[in-house]
Structure formats: structure tokens, C-alpha cells
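Each chain is listed here by its residues.
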Amino acid sequence: MTESVIDIKGLYKTYDSGFSALQDINLSIPKGEIFALLGPNGAGKTTLINTICGIVNPTGGSIRVNGYDVVREFRKAREQIGLVPQELTVEPFAKVFSTVKFSRGVFGKARDDAHVEKVLKDLSLWDKRDTITREISGGMKRRVMIAKALAHEPQVLFLDEPTAGVDVELRRSMWNVVRGLREHGVTIVLTTHYLEEAEQMADRIGVIQNGQIALVEAKTALMDKLGQKRLGVRLAEPLHAVPERLAGYDLTLEDDGRRLVYTYSAHDDRARIQPLMAELDAAGIHYVDIDTQQSSLEEIFVDLVGGNA
Amino acid sequence: MNWHAIKTIYAAEMARTWRTLFQSVVSPIISTSLYFVVFGSAIGSRINEVQGVSYGAFIVPGLIMLSLMTQGISNASFAIYFPKFIGTIYELLSAPISFVEIVISYVGAAATKSAALGLIILGTATLFVDIQIAHPFWMIAFLVLTTVTFSLLGFIIGIWADNFEKLTIIPLLIVTPLTFLGGTFYSLDMLPALWQKITLINPVVYLVSGFRWSFYDTADVSVGLSLGMIGLFLAACIAVVAWIFKTGYRLKS
Ligand SMILES: Nc1ncnc2c1ncn2[C@@H]1O[C@H](COP(=O)(O)OP(=O)(O)OP(=O)(O)O)[C@@H](O)[C@H]1O
Ligand SMILES: [Mg+2]
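These numbers come from a predicted model, not from an experiment.

Peer 1: Please explain the sheet that holds strand β2 (residues 20-30) of chain A as it appears in this structure.
Peer 2: Residues and elements named next belong to chain A. One open sheet holds the 4 strands; their spatial order is β2-β1-β4-β5, and the pairing between them is antiparallel. Strand pairing shows two members of the sheet lacking a second neighbour, β2 and β5 (68-69), which therefore form its edges. The pairing of strand β4 (residues 60-65) with β5 spans 2 bridges and is classified as antiparallel. What sits directly across from Val-65, in β5, is Tyr-68.

Put into C-alpha cells, the structure is as follows:
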């Protein structure tokens, strides 16, 4: 069995306002995994990450990082952790290089300019090393924050919506950075609202809703459930029933038989749209329009938790 | 102790001084020089000696105290308020450092800055008037104790404040009046009898008196009392910081 780097048992968080943001969270994440935490706005993703990282005090339960309790052995635990928070916040008057160097020192590591240089180069920030952080673009700031989180060579990296407001090219380059880190044995926990991102990156996906873990599953298994697409065919003449010869397809009739709907998995290359259309022609079924629909992440969450959202 | 972290934060705070050199060094020097011109020369020329010292020289220890106190508070309160305000505090909270280390580095840097400033003002003053230092050891001791105490007070204000108004209200409404009424520009026996009594509830009186004693060997109140008062302040500030530490007050939710 692989050793787990993060081990959360019975975690509760109730804010001073009385709001219960996390309830009985149990989660363990093995070393070297990329774990994606999904959930609608306000589900508790940031709260969960902040409790692990020491920014929010847990109300109950225990969290261990590499075996160290995050409250009692906070020094040992936090040395392992790098955090890129959701909000873009960088010290506005410092130069990129010095702000990253600062992070390394604050985490108790001896000065190592070569490592800082490597981190900046990996994130394509080396050109900007002498620029004042206030003067760089938002996407660049995000990268500076990642560089700060990596400055002390953490074993576990938390990325709270790392690609919000980041263009496609930069997003892909961040994914590459994350994969590169994983190759060096770094465990990564990220939150995202992009299904595509979770799909591209994650080994496992956890869904959190109303402060509770709704499910944790391997990505491949989950994607089959998540990635349902519907192909709608508007018929020229209504049908009373799905014709016998089309029984091999997952078909339903809607709209008093005027609309034929084919449900298939977007990740299943066995989707047989072309043969289906050919069969329709062969059966003499005429159609006037075609559309496709994919469920949104939010709909999927509702589905997953049985509509009790 | 995470010494790397303390060193890093301290160095970053000191570096900030160089970036804001005018605001943090030049402007206090200018304002102190103005005090000399107005109080020392213009008014002082009408006042003879106070407690056996020329008026211009008499006000020097008080002026230094004034800037130790106001600068200590403003340096430290701003230093910790700023990361809270812009959000970079997350890094301190997620780092393997304890609250004690945060206090040491921020208060240490703020105290260093204001103490250095006090010495610069002392240097500036020698250009205007003759100054003797009767008890150099105690002069330094008063200087260090005062800057550390008031930097701690500033740190507490910076933690407590959740907007700019709160950040400035205590210095403006409490500290500035107390320092101006604390015997910087006069000796207590220049006041009417009733005011002499009332003034004694102002803690700043004891600090200025003790500090002036270390220069000219004359004091309004006994030196032991001055030391006791500053010790009491320091203890009170440390107690509040310890309480903040225990409760995580206003830094973590
Ligand atoms: N300091 C706080 N005091 C009280 N309630 C809070 C506090 N911080 C967060 N909450 C509440 O806790 C809940 C979870 O917030 P959290 O930021 O963890 O959500 P999230 O899943 O990260 O959402 P998003 O996708 O919008 O980032 C929300 O209802 C939020 O209003
Ligand atoms: Mg969030």
C-alpha cells in the first residue's frame, strides 16, 4: 500500500459566525498523487485547504502531513507544504526575485539563489526577475505566487484555483509545471472549476458539497459518469416508439416523439454517431435539426449528490 | 526558533526603509529641525535656563523621545497591518513560524528603525545646541526600552486594526496628546501646582524625565520611578501580545 502524505480524520470547521463550513471530512492522499478537489462556489474547498495549511484553525478532528500533526507539530508539517491561495496577493513593491527569495527564508530554508533561479526559469519568470511585482500582469502574478510556494522545495503543493483568469497557453504551461513536479515526487492538491483541467491533470477527484465530501473516485471512473453527452435529433415526423433496429443505441423519445435523444459518453470512443445516422437514413427516418448538449459541472454535482443540493 | 525566518522578515522590513527613505528618515529629521527652529531658537531665546540647561538643549531628550514613540508605533503598526490589508499575511500564517517569531522580527525591525532615527535626531541636535550625556549607559537603556515598548504597542495596534482609521486613531487621539503634554517642551515646575499633579498620571512624563536625566542629571520625577514605569509598560505590552498569541486574535479565523 502506498503511504499517504495527507491524512485527514473527522475534520470539522465552524467559523466564528457559527457557519459550519466543513463536516466530518475524512480523506487520505497518497504520495505523488495529483488530487483535484471540485465543488460549487462556497462548498468549502478553500476552507479545507486553509485548514491544512494553517491559515484557518480546525474546530475538530486531525490532519497529518507526512505524519506530522498540523497543529501540534506545525513546524514540521508546514515545512512540507507550499500553498498558492485563491486570491492574487503579492507584496506590490518587491522585485520578483527578492519576493521569491523571501518565501524561501520565511519557510526556514538557507539561502539558495540557484534554486530560486531554477524555479523562476521553470515558470518562465526569469526575464521578469528584476521587475517590481506591481508592474506585471495578473497571469504573471499567479506564476510568481507559484514560484513563492515552490521556493522552499515543498513535498506537498496546494493550488487553490491556479488557473482562474489565466489564458489557455499559460494554463497549459502550468499543467506542465505541475506534471514536472509530480515526476519529482511532489504531491499536488488543486481546486478548479474547469472539468477539462481536472480531466487533464488529476489522478483522483474529490467532490465536496456543503462542507462534506460527496465522493472520491479515480478520474477515469468518474469521467465516464461525468462526461455524458446528449445528441438531440429533431424528427420530421413523430415516432411512437424507438424502432426495433435501433435497440443497440441508448435512445429515448422526447417531445411527444418529435425528438430522438441519443445519450453517450464523451470519453468513449465507441460513440457511434455516424452509424446511428446511417441507420436513421436506412430506416427512412427524416430529421430536420441536430444539437448536442453536455452537462455542466454544476449539474453534474447535483446529479452526483442525488439532487439534495 | 526559525532563525532563517526571523532574519528574512527583519531584512525585508529594513529593506523597506531604503525604498521609503524620505518618508521614514528624512521627514522626521525635517520636522525635528523645525521644532528646534521654532521652540529652541525663536521661543527659547526668550526663556533662560531650565533646570540649569539652556532651553534649546533642554528639549532635545524630549524631542528624541517624541520620535521614538511615534515612529515606533507607526513603523510597527504599519508593518503588520500592511500584509493583512493586501492579503500577503497568508504566507506568514502558512509558514513554519510561530507568533513569537513574527513579533520578534517585526517589532525588532520597527525598534531598530526608530532607535536609529532617535540617534540621527540626536546627531542633528548637536548641530544646533551643546549637548552632554551624563549617563550614556542609561541613555541607551532608556532609548532601547522605549523603542521596544512602543514598537510592541504599534504591533498590537496593527493586529487589532481592521481599517486605516483604526490604525491611525490611537496614535492621533491618545499618543500624540500624551507626548505633547508629557514634559517635552517644559519642566513640570513651570506648570501651575494643580497641573503638576494632573500631569503625573501621564505615563510619558516618566519616560521623558528619565531620559532627560540620562543627559543632564536633572529630573522631574525620580529615576527609579521612571524605570519602573517603562518596565510596567513593557510588561503590559508583552502581556497583551501573549494574549493575542494564545487566542489567535484577528489573524486566523
Ligand atoms: N472567515 C469566514 N467566516 C465565516 N464564513 C466563512 C469564512 N470563510 C468562508 N466562509 C464560508 O464558508 C463557506 C465555504 O467557503 P470556501 O471559501 O471554503 O468555499 P470554496 O469552495 O472555496 O468556494 P469558491 O469556489 O467560491 O472558492 C462559504 O459559505 C463561505 O461563505
Ligand atoms: Mg475557494
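Peer 1: Please explain the layout of surface pockets as it appears in this structure.
Peer 2: Rolled over the atoms, a probe with the dimensions of a water molecule shows which regions are left empty. The calculated volume of the largest pocket comes to roughly 720 Å³. Lining the largest pocket are 31 residues, and of these A:Ser98, A:Phe102, B:Thr8, B:Ile9 and B:Ala12 sit closest to its centre. If one sorts the elements of the lining of the largest pocket by residue count, helix α1 (residues 3-19) of chain B sits on top with 10 residues. Broken down by class, the residue content of the lining of the largest pocket amounts to 14 nonpolar, 6 polar and 11 charged.

Peer 1: Got a minute to help me understand the confidence of the model for chain B in this structure?
Peer 2: Regions with low pLDDT should not have their predicted coordinates read in detail. Overall, the predicted model of chain B reaches an average pLDDT of 87, with 98% of residues at or above 70. Across the whole predicted complex the pTM is 0.84, and at the interface the ipTM reaches 0.85.

Peer 1: For this particular structure, what's the right way to read the pairing of strand β13 (residues 259-265) of chain A?
Peer 2: Residue and element names in this part refer to chain A. Counting buried positions over the 7 residues of β13 gives 7, a clear majority of the element. Residues of β13 alternate between two faces, with Arg-259, Val-261, Thr-263 and Ser-265 on one and Leu-260, Tyr-262 and Tyr-264 on the opposite face, all of them buried. Bridge count between strand β11 (residues 228-235) and β13: 7 bridges; the pairing is antiparallel. Across the sheet, the residue bridging to Leu-231 is Tyr-262, located in β13. The pairing of strand β12 (residues 251-254) with β13 spans 4 bridges and is classified as antiparallel. The residue bridging Glu-254 from the neighbouring strand is Arg-259, located in β13. Between β12 and β13, which pair antiparallel and follow one another directly, the connecting turn spans 4 residues, one of which, Asp-255, has a positive phi of 60°.

Peer 1: Please clarify how the packing of helix α3 (residues 55-86) of chain B against helix α6 (residues 136-160) of chain B should be interpreted in this entry.
Peer 2: A pair of packed helices can be characterised by two numbers: the angle between their axes and the separation between those axes. Residue and element names in this part refer to chain B. Relative orientation of the contacting elements α3 and α6 amounts to 35°, with a least axis distance of 7 Å. Crossing handedness for the pair α3 and α6: right-handed. Grouping the amino acids of the contact of α3 with α6 by side-chain chemistry returns 16 nonpolar, 7 polar and 1 charged.

Peer 1: Just to check I follow, could you spell out the domain arrangement of chain A for this structure?
Peer 2: By convention, interface size is frequently given as the accessible area that disappears when the constituent parts associate. What the domain assignment reports for chain A is domain 1 (4-224) and domain 2 (227-308). If you average the C-alpha positions of domain 1 of chain A and of domain 2 of chain A, the two centres end up 40 Å apart.

Peer 1: Is there a simple way to explain the interface of chain B and chain A in this structure?
Peer 2: Of the residues lining the interface, 23 residues belong to chain B; the matching set on chain A comes to 28 residues. Approximately 2,300 Å² of surface area, both sides summed, lies buried where chain B meets chain A, with 60% of it carried by carbon and sulfur atoms. Considering only the surface of chain B that becomes buried against chain A, B:Tyr90, B:Pro96 and B:Ser253 emerge as the three largest contributors, covering 29% of it. Between the two partners, chain B and chain A, sit 2 salt bridges.

The rules behind the values
- Residues numbered from 1 in each chain as written.
- Chains lettered and ligands numbered in written order.
- Predicted model: local features only at pLDDT ≥ 70, side-chain atom pairs only at ≥ 80, totals over all residues.
- Heavy atoms only, no water.
- Pairing = 2+ DSSP bridges.
- Helix = DSSP H or I, 4+ residues; strand = E, 2+ residues; numbered from the N terminus.
- 1 Å grid on protein atoms, 1.4 Å probe; cavity = no way out; pocket = protein on both sides within 12 Å on 5 of 7 lines; lining within 4 Å.
- Points joined across faces, edges and corners; volume = space filled by probe spheres on them.
- Nonpolar A, V, L, I, M, F, W, Y, C, P; charged D, E, K, R; others polar.
- pLDDT = per-residue confidence, 0-100.
- Buried < 20%, exposed > 50% of the residue type's maximum accessible area, 1.4 Å probe, protein only.
- Axes fitted to C-alpha atoms, helices over the stretch in contact; angles between N-to-C directions.
- Left-handed = near helix turned anticlockwise from the far one by under 90°.
- Domains from an automatic or database assignment.
- Contact = heavy atoms within 4.5 Å.
- Buried area = accessible area lost by both parts, 1.4 Å probe.
- Salt bridge = Lys/Arg side-chain N within 4 Å of Asp/Glu carboxyl O.

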